[in-house]
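# Reading the structure
Listed below, chain by chain, are the residues.
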Amino acid sequence: MTGIVGLGSYVPEIVVTNADLEKILDTSDEWIKTRTGILERRFASKDQATSDLAVIAAERALKDANVSADEIDLIIVGTNSPDTLYPATACLVQDKIGARNAAAFDLQAGCTGWVYAATVGAQCIESGMYKHVLVIGAEVITRMMDNTDRGTYVLFGDGAGAAVLSSVSRGGFLASELYADGSLAQHLVFPAGGTRKPFSEEVLRERAYFTKMDGSDVFKFSVREISRVSMKVLEKAQLPLDRVDWFIPHQANLRIIQAGAQKLGIPMEKVVVTIDKYGNSSSASIPVALDEVYRKGVLKNGDTVLMVSFGAGMTSGGILMEWWR
Ligand code: ACO
């Protein structure tokens with residue numbers, strides 16, 4: 001079986017509160033708190049790009065795993081906010097951490113990026129191709145948001161989480177599922193900079209170099225997918241829902257998390273919530289939340305952890321794992 005043998009995360013030091021956002025947008029602490037559950041979020045400093053956050057999380061995960069950088073065979077960075085369109089941010093991470101023997105690529109699957117990356121990474125181990133795979137979710141997603149659009153700007157935060165995957169004799173990944181529905185792609189788009197809409201004066205005029213989102217469509221999709229994907233993963237592992245000790249959903253909106261948990265019948269005591277402190281850090285949200293419960297020492301050997309995400313694409317996916325360190 002493949003499992004997580006090391007975890008690490010990093011959130012930037014700059015804290016942006018709802019009160020800070022009240023100064024630049026027609027919004028209020030009350031609206032943000034009650035509609036999203038977010039109290040504050042982290043912003044990368046001007047000199048930090050996504051690879052810088054990823055490197056810190058990766059080095060922490062390697063230390064935790066007691067695996068050296070040159071033992072890593074593959075690095076996958078799940079991100080929607082790469083340093084550049086190319087080269088891949090994973091290649092920059094490979095160089096910065098000194099993983100001389102690793103292949104490296106980025107995986108873009110909306111906020112489901114880390115769940116996709118961990119699933120693909122685990123398959124590379126299961127197939128016998130690789131021994132140690134570093135899977136990172138890293139974002140400076142706030143830089144892709146329009147600070148004049150109150151419907152998106154208040155929701156997001158920056159961060160990175162990393163896991164070292166290896167073969168394990170106890171516990172590990174029990175099942176995972178990945179989904180995509182491109183017919184819903186238009187609900188969450190970063191329009192400019194690709195081949196459909198290369199940078200131009202029109203792009204600048206339309207502010208198309210920022211994320212555009214239909215919030216309520218994404219909301220409905222997310223609530224539906226949290227419960228559907230959770231049941232699919234449990235079915236695959238042939239485990240009943242009440243065997244889940246920790247539920248770690250993507251942190252996009254507290255109301256989405258609560259509605260998903262309620263639909264499934266999972267009590268909130270089992271649900272990991274970090275959105276109040278970090279907002280939606282996209283691909284980083286699940287590995288950061290997992291690392292937080294791990295560091296708190298509340299994850300016990302043998303605990304069953306269900307991680308479920310959804311995002312641009314629209315994508316969704318889940319991993320069920322038995323924790324063992
Ligand atoms: N402050 C104050 N008012 C606001 C704000 C704000 N920050 N944002 C929107 N409003 C207003 C709207 O303009 C609207 O006003 P109107 O009635 O005068 O038109 C009103 O609040 C209600 O707007 P809704 O969009 O209906 O508000 P809703 O309760 O749906 O909350 C939200 C909006 C928070 C965006 C919600 O729909 C949501 O969380 N959607 C999911 C978003 C998400 O998870 N995105 C990430 C997906 S993952 C990824 O891959 C990136």
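Residues numbered from 1 in each chain as written. Predicted model: local features only at pLDDT ≥ 70, side-chain atom pairs only at ≥ 80, totals over all residues. Heavy atoms only, no water.

## Quick notes on the packing of helix 8 (residues 215-237) against helix 9 (residues 254-264)
Rule in force here: Throughout, an axis means a line fitted to C-alpha atoms (over the contacting stretch in the case of helices), and angles, computed between N-to-C directions, take values from 0 to 180 degrees. Note on conventions: DSSP H or I runs of at least 4 residues are helices, E runs of at least 2 residues are strands, and numbering of each starts at the N terminus. When an angle is under 35 degrees it counts as roughly parallel; over 145 it counts as roughly antiparallel; between 65 and 115 it counts as roughly perpendicular; any other value is oblique. Take the far helix as your reference; a near helix turned counterclockwise from it by less than a right angle gives a left-handed crossing, and one turned clockwise gives a right-handed crossing. The criterion used for residue contact is that any of the two residues' heavy atoms lie within 4.5 Å.
Running from N to C, helix 8 and helix 9 point in directions that differ by 40°, and their axes come no closer than 9 Å. With respect to helix 9, the axis of helix 8 lies oblique. Pair helix 8 / helix 9 crosses with right-handed handedness. Between helix 8, through Phe219, Ser222, Val223, Arg224, Ile226, Ser227, Ser230 and Met231, and helix 9, the contact on the second element is made entirely by Arg255, Ile256, Ala259, Gly260, Lys263 and Leu264.

## Looking at the domain arrangement of the chain
Size of an interface, as often reported, equals the accessible area lost when the parts are brought together. The line we're drawing: Just so you know, the domain bounds were taken from an automatic or database domain assignment. We define buried area as the total accessible area lost by two parts upon association, computed with a 1.4 Å probe and summed across both. By convention in these notes, a salt bridge is any Lys or Arg side-chain nitrogen within 4 Å of a carboxyl oxygen on Asp or Glu.
Taken domain by domain, the chain holds domain 1 (2-169) and domain 2 (174-322). If you average the C-alpha positions of domain 1 and of domain 2, the two centres end up 14 Å apart. Taken together, the contact pairs 50 residues of domain 1 with 42 residues of domain 2. At the boundary of domain 1 with domain 2, total buried surface from both sides reaches about 3,600 Å², with 61% on carbon and sulfur atoms. The partner of Asp146 in a salt bridge is Arg207, and the shortest N-O contact between them spans 2.9 Å.

## A word on the sheet that holds strand 7 (residues 159-167)
Put simply, the rule reads: A pair of strands is treated as paired once DSSP finds two or more bridges between them.
Reading across from one edge, 1-7-6-4-5 is the order of the five strands in this open sheet, with mixed pairing throughout. The open sheet has two edge strands, strand 1 (2-10) and strand 5 (103-107), and neither has a second partner. Sheet twist, expressed as the average angle between the axes of neighbouring strands with direction ignored, equals 20°. Where strand 4 (residues 74-78) lies against strand 5, five bridges are found, and the strand directions are parallel. Paired with Ile76 across the bridge in strand 5 is Phe105. Strands strand 1, strand 6 (133-139) and strand 7 of the sheet are contacted by helix 3 (residues 50-65), whose axis makes an angle of about 130° with strand 1.

## Observations regarding the pattern of salt bridges
Pairing between side chains of opposite charge can happen when the charged atoms of each approach one another. For the structure shown, the criterion picks out 14 salt bridges. Residues Lys23 and Asp20 are paired through a salt bridge, measuring 3.6 Å at the closest nitrogen-oxygen approach. Residue Asp29 pairs with Lys33 through a salt bridge whose shortest N-O separation is 3.2 Å. With Asp29 and Lys33 both in helix 2 (residues 29-36) and four residues apart, the pair spans about one turn of that helix. Each of Lys197, Glu202 and Glu206 takes part in one network of salt bridges that share partners.

## Examining the sheet that holds strand 8 (residues 172-180)
Two strands in a sheet stick together by hydrogen bonds in their backbones, pointing the same way (parallel) or opposite ways (antiparallel). Reading across from one edge, 8-13-12-11 is the order of the four strands in this open sheet, with mixed pairing throughout. Because the sheet does not close on itself, it has two edges, and the strands there are strand 8 and strand 11 (246-249). Strand-to-strand twist of the sheet, defined as the mean angle between neighbouring strand axes without regard to direction, takes the value 10°. Relative to strand 12 (residues 304-311), strand 11 is paired through four bridges, and the arrangement is parallel. Considered in strand 12, the bridge of Ile248 is made with Met307. Taken strand by strand, helix 5 (residues 113-126) contacts strand 8, strand 12 and strand 13 (315-322), and its axis lies near 125° from that of strand 8.

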